Amino acid sequence: MGKVVLVTGAARQLGGRFVRRIQRDPEVDRVIAVDAIAPGHQLGDADFVRADIRQPAIARVLAEHTVDTVVHLDVSGKALGAGGRTTVKETNVIGTMQLLGACQKSPTVRRLVIKSSTGVYGSAPRDPAVFTETTPPKSLPSGGFAKDAVEVEGYVRGFARRRPDVAVCVLRFANILGPDADSPLADYLSLPVLPTVFGYDPRLQFVHENDVIDVLRMASHEPRRGTLNSGTFNIAGDGVLLLSQCSRRLGRPTMPVPLPAVTWVGQALRTVGMTDFSPEQIRLLTHGRVVSTVQMRETLGFHPGFTTAETFADFARNQAPGLLPPELVGRAVDRLAAMPFAGGTGEVPGIAGADDTQPTHSAR
């Protein structure tokens, strides 16, 4: 008999895509798609079960369908439907606790895959140039989705100690982008003018939606020869992009704002419903974040199909045209960066290339 895979968060675009893809694998017998609301997209031949993972009823779902593999994707930084931040946090944290409790009691569960985020490392001025999976953060996230992810991973480590017979894989994704990206950062990059923190140009990493699906599939099955798919792994495309490079490629001008005033701008954007410009996103757009993907390649055996630059290019192709031609924005940024008051020397190091991988921090 093939695998029985339960996927949470099936009503989200990413969850729906994974459900449709995993059921085509020959070693999978059935897919159980779970969410508290009915999805607005097709789930193929999967069995949809409307269940709230915050409730104990999720244990009955595991038992009734004899589930052996659980893929927990209902960990998100953005509300679905009419839910607000409170609902998101409850689903992320309380929902994960209930799901793990159900998995702990289930005699059939043998594999658990958790969607997490590189946001667990935080973003601080004294961060290392590159985070590895074992690097402790300089300061833990104080709120938002990043703090949820930290709590979720804590509960997962406790579960792994109590059920050592279950293979547990935690995937820490960099910022997910692509044609159908649905995240606070994607909303921010879709603004006609990008508010930025004056004096900072953070380094960013992205991972493509297609690569997310592929690595989730890899983690859901038995490891391939010479690899290991239990443990914690950073998942990101090769290379980095500066925020200024992103704005140029979108053709969107930036609006530098002094750091103390950025919070007011974020509150205004949230009030009008344009984007969730949260404190954790402000820190990311101030200090940036870069993670090592050595373990992803050497231990997990996963090689992304898209680099960070290619991921962003695919996202940009599906965005509305910016206010200005990208070439014009690029020339303006170059001229400003070269001016004496900006500390320029007539050259713009680290800006021109698409595959900029300098190990320096965001420039002040």
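A quick note: this is a predicted structure, and the numbers were derived from the prediction, not measured. (Residues numbered from 1 in each chain as written. Predicted model: local features only at pLDDT ≥ 70, side-chain atom pairs only at ≥ 80, totals over all residues. Heavy atoms only, no water.)

Novice: Tell me about the sheet that holds strand β11 (residues 231-235), residues and numbers included.
Specialist: Overall, parallel pairing links the 7 strands, which are arranged β3-β2-β1-β4-β5-β6-β11 in an open sheet. Because the sheet does not close on itself, it has two edges, and the strands there are β3 (47-50) and β11. Here the average twist between neighbouring strands, direction ignored, is 20°. Contacting β1 (3-8), β2 (28-35), β4 (69-72) and β5 (111-117), helix α1 (residues 13-22) runs over the sheet at an angle of about 165° to β2. The sheet strands contacting helix α3 (residues 85-105) are β1, β4 and β5, and the helix crosses β4 at an angle near 175°. (Pairing = 2+ DSSP bridges. Helix = DSSP H or I, 4+ residues; strand = E, 2+ residues; numbered from the N terminus. Axes fitted to C-alpha atoms, helices over the stretch in contact; angles between N-to-C directions. Contact = heavy atoms within 4.5 Å.)

Novice: An account of the pattern of salt bridges is needed here, citing residue identities and associated values.
Specialist: Per the stated rule, a full pass over the model turns up 16 salt bridges. Between E151 and K89 there is a salt bridge; the shortest N-O distance is 3.5 Å. Of the two residues, E151 sits in helix α4 (residues 144-162) while K89 sits in helix α3, which places them 62 residues apart along the sequence. Across the pair R317 and D314 runs a salt bridge whose closest N-O atoms are separated by 3.2 Å. (Salt bridge = Lys/Arg side-chain N within 4 Å of Asp/Glu carboxyl O.)

Novice: Explain the side chain of T91 to me, and be specific about the residues and the numbers.
Specialist: By the secondary structure assignment, T91 is in helix α3. What makes T91 buried here is its relative accessible area of 13%. Other than its neighbours up to four places away in sequence, T91 contacts I53, R54, D74 and T96. (Buried < 20%, exposed > 50% of the residue type's maximum accessible area, 1.4 Å probe, protein only.)

Novice: Quick one: what's the story with unusual backbone geometry, residue by residue and with numbers?
Specialist: Positive phi is not limited to glycine here, since T66 has a value of about 50°. T66 gets classed as partly exposed once you look at its relative accessible area, which sits at 44%.

Novice: I'd like a rundown of α4, residues and numbers included.
Specialist: One turn of an α-helix holds 3.6 residues; hence residues three or four places apart share an orientation. With 19 residues, α4 extends 28 Å between its outermost C-alpha atoms, agreeing within 8% with the 27 Å of an ideal straight helix rising 1.5 Å per residue. At its buried positions, α4 is contacted by α3, β5, β6 (167-173) and α9 (279-287). (Expected span 1.5 Å × (residues − 1).)

Novice: Tell me what's going on with the packing of α3 against α4, and back it up with residues and numbers.
Specialist: Where α3 contacts α4, the axes come no closer than 10 Å and their chain directions differ by 5°. Between α3 and α4, the angle falls in the class roughly parallel. Across from R85, K89, N92, V93, T96, M97, L100, C103 and Q104 in α3, the residues of α4 making contact are G144, F145, D148, E151, V152, Y155, V156, F159 and R162. A per-class count over the contact of α3 with α4 returns 9 nonpolar, 4 polar and 5 charged. (Parallel < 35°, antiparallel > 145°, perpendicular 65-115°, else oblique. Nonpolar A, V, L, I, M, F, W, Y, C, P; charged D, E, K, R; others polar.)

Novice: Mind laying out the packing of aromatic side chains, listing which residues take part and the relevant values?
Specialist: Think of a pair of aromatic rings as described by two things: how far the centres are apart, and how the planes are tilted against each other in angle. This structure, assessed with the given rule, holds 3 aromatic pairs. Ring centres of Y121 and F131 lie 4.7 Å apart, and the angle between their planes is 20°; on these two criteria the pair is classed as stacked. With a gap of 10 residues between them, Y121 in the loop between β5 and α4 and F131 in the loop between β5 and α4 connect regions that are remote in the sequence. For Y121, a relative accessible area of 2% puts it in the buried group. Both rings, one in F312 and one in F315, keep their centres 5.9 Å apart while their planes meet at 45°; by these two values the pair is tilted. Of this pair, F312 and F315 are both found in helix α11 (residues 308-317), 3 residues apart, which corresponds to roughly one turn of the helix. Each member of the pair, F312 as well as F315, is classed as buried. These aromatic residues form a ring-pair network of at least three members: F206, F312 and F315. (Phe/Tyr/Trp six-rings, centres within 6.5 Å; stacked < 30°, edge-to-face > 60°.)

Novice: Help me get a handle on the environment of S220, residues and values and all.
Specialist: Within the secondary structure layout, S220 lies in helix α6 (residues 209-220). Between the C-alpha atoms of S220 and V168, which are 52 residues apart in sequence, the distance is 9.7 Å. Among residues more than four places away in sequence, those in contact with S220 are K3, F18, I22, T69, V71, R111 and V113. Among the polar contacts made by the side chain of S220, one reaches the main-chain carbonyl oxygen of L216 at a distance of 2.6 Å. (Polar contact = N/O pair within 3.5 Å; in protein donor to acceptor, adjacent residues only side chain to side chain.)

Novice: Before we move on, can you summarise the pairing of β4 with the specific residues and values?
Specialist: The two faces of β4 match: T69 and V71 on one face and V70 and H72 on the other face are all buried. The sheet contact formed by β4 and β5 spans 4 bridges and is parallel. Opposite V71, over in β5, you have V113 as the bridge partner.

Novice: Requested: an account of the nonpolar core, with residues and values cited.
Specialist: L171, L216 and I235 are the most contacted members of the largest nonpolar core, which has 30 residues in total. The set of elements that each furnish at least two residues to this core consists of β1, α1, β2, β6, α6 and β11. Element by element, the count of residues in this core is highest for α6, at 6 residues. Contacts of L171, omitting those with residues within four sequence positions, involve V113, I114, K115, S116, S117, V215, L216, A219, F233, I235 and L300. Counting residues in hydrophobic clusters, the runner-up holds 27 residues, among them I53, V70, V156 and V166. (Core = buried A, V, L, I, M, F, W, Y, C linked by side-chain atoms within 4.5 Å.)

Novice: Quick rundown of the side chain of T293? Include the residues and the values.
Specialist: Relative to the helices and strands, T293 is located in the loop between α9 and α10 (294-298). On the basis of relative accessibility, which here comes to 13%, the residue T293 falls in the buried class. The contact partners of T293, leaving out residues within four places of it in the chain, are N234 and A236.

No statement about biological role is implied by the geometric values presented.
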